[in-house]
Structures are given as C-alpha cells and as structure tokens.
Amino acid sequence: QVQLVESGGGLVQPGGSLRLSCAASLSIFSRYAMDWYRQGPGKQRKLVARIHDSGTTNYADSVKGRFTISRDNAKNMVYLQMNSLKPEDTAVYYCAAAWGATPAYWGQGTQVTVSS
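Below is a short write-up of the structure.

Considering the arrangement of structural elements, one finds Ala101 in the loop between strand S9 (91-98) and strand S10 (103-106). Residue Ala101 is classed as exposed on the basis of its relative accessible area of 64%. Each C-alpha atom, one on Ala101 and one on Tyr32, is 10 Å from the other, the two residues being 69 residues apart in sequence.

Let us now look at unusual backbone geometry. The phi torsion at Ile28 lies on the positive side, around 45°, for a residue other than glycine. Mapped onto the elements of the fold, Ile28 is located in the loop between strand S3 (18-24) and strand S4 (33-39). Given the relative accessible area of 44%, Ile28 is considered partly exposed.

All chains considered together, the criterion is met by one disulfide. The partner cysteine of Cys22 in its disulfide is Cys95, sulfur to sulfur 2.1 Å. Across the S-S bond linking Cys22 and Cys95, the dihedral sits near -75°, which makes this disulfide left-handed. A residue pair is termed long-range when its members are at least 10 positions apart, and Cys22 in strand S3 and Cys95 in strand S9 qualify at 73 residues. Of the residues examined, Cys22 reaches a relative accessible area of 0% and is grouped as buried.

Glancing now at the sheet that holds strand S1 (residues 4-7). One open sheet accounts for four strands, arranged S1-S3-S8-S7; its pairing is antiparallel. Of all the strands in the sheet, just S1 and strand S7 (67-72) have a single pairing partner and so form its edges. The mean inter-strand angle of the sheet, taken between neighbouring strand axes irrespective of direction, is 15°. Bridging between S3 and strand S8 (residues 77-82) involves six bridges; their strand directions are antiparallel. By the bridge assignment, Ser21 is partnered in S8 with Tyr79.

Rules behind the numbers
- Residues numbered from 1 in each chain as written.
- Predicted model: local features only at pLDDT ≥ 70, side-chain atom pairs only at ≥ 80, totals over all residues.
- Heavy atoms only, no water.
- Helix = DSSP H or I, 4+ residues; strand = E, 2+ residues; numbered from the N terminus.
- Buried < 20%, exposed > 50% of the residue type's maximum accessible area, 1.4 Å probe, protein only.
- Disulfide = S-S within 2.5 Å.
- Pairing = 2+ DSSP bridges.
- Axes fitted to C-alpha atoms, helices over the stretch in contact; angles between N-to-C directions.

Laid out in structure tokens, this is it:
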C-alpha cells in the first residue's frame, strides 16, 4: 500500500520559515517525480514545486527564490524548505508522487498558517 505522509506544518509569523517533510512508502521512489501542491481557503489546489527523478526542479512563480524542494532517495523522503513566508502562503500543503505529468499518489496534507 502506497503512503505519503507529510509533516512539519504549523503556525508561523510572516517572514518566518518552515520545513515540510514527506515520507513515501514507494517502491522505486527514485524514479518518481515528487511534487508539493497547496490549496488555500476557497482556492484550487495548485502545484508549488516539483523535483524530477533527475533532480531538476520547477517552481511556481509565486514561490521562486523563497521555497526549495529537495529529495533524499536513500530515505524515500522529499522536503520543502519555505523561507520568507507570507500570509498568502497559508494553505494545506500536499505531497504527491507523479509518474509522468499527473500525480498518481497523494498525501493527506499538512496545514501551514502564516499569521502574526
């Protein structure tokens, strides 16, 4: 059974940092592209960052220069380092594993709230 489990969410002040983690029980984890999506209140779920099996990364314009996605294939882990957080970053963040362009597996999500 495939499981993706996110952790690291919470409440942070504007300008602060958080590091999200995702533990994946996936065979051949290293061959999946791994994504972080987010869904804010009343908004659609959107792709925030992707790291390909090659290690190449892509980011939404809204987080470029502030967020960094990384992976540790030896541990089946993917991370999202979030710096200079803004209130508009408030959302539920989801980890996803993609085989091709579309995610095949999703985690349950972790809440990130940026507020003073």
